[in-house]
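Okay, here's what each chain looks like letter by letter:
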Amino acid sequence: MRRKVCCTICSASALPVRAHCRSAKSSVIVGGNFGVSLSDSNATVTNNHFTGHRTSADWSSAIMVDPSGNNVDFRNVTITKNLIENSNKGIYVWGDGVRDNFTITGNNSGFS
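Read on for a plain summary of the structure. (Residues numbered from 1 in each chain as written. Predicted model: local features only at pLDDT ≥ 70, side-chain atom pairs only at ≥ 80, totals over all residues. Heavy atoms only, no water.)

1. Some remarks on the environment of Ala57
Okay, step 1: Structurally, Ala57 is set in the loop between strand E5 (49–51) and strand E6 (61–65).
Okay, step 2: By relative accessible area, which is 17% here, Ala57 ends up buried.
Okay, step 3: Along the primary structure Ala57 and Asn33 are separated by 24 residues, whereas in three dimensions their C-alpha atoms are 7.0 Å apart.
Okay, step 4: Ignoring any residue separated from it by four or fewer positions in sequence, one finds Ala57 in contact with Asn33 and Asn88. (Helix = DSSP H or I, 4+ residues; strand = E, 2+ residues; numbered from the N terminus. Buried < 20%, exposed > 50% of the residue type's maximum accessible area, 1.4 Å probe, protein only. Contact = heavy atoms within 4.5 Å.)

See the structure below:
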């Protein structure tokens, strides 16, 4: 498996998703402490395959939301149709900020 380019603005293949990288779509994201880290509103994470985000860090996960723990507000976020395998946590949402139009649906997990 290889990591595909996820950002059509900067052609970044490295994650986390930057403020201008509003989406991670149809990528294979392998290994490390985490796959995608969201720290801003108006983001979509869809149709990705996350695998191997299984480290000794207790926060290790495929998708992290508000990794700073600063109670950031998130609006218009969709996390859907992702396959998550061999990860400590699938989707880890931190903080107590406002979650408005925040949708997590249709994701699958398992071990390969």
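2. Some points on the sheet that holds strand E3 (residues 34–38)
Okay, step 1: Read across the sheet, three strands follow the order E3-E6-E9 without closing on themselves; strand pairing throughout is parallel. The open sheet has two edge strands, E3 and strand E9 (89–93), and neither has a second partner. Between one strand and the next, the sheet's axes are offset by a mean angle of 10°, whatever the strand orientation.
Okay, step 2: With four bridges connecting them, E6 and E9 associate as parallel partners. The residue bridging Ile63 from the neighbouring strand is Ile91, located in E9. (Pairing = 2+ DSSP bridges. Axes fitted to C-alpha atoms, helices over the stretch in contact; angles between N-to-C directions.)

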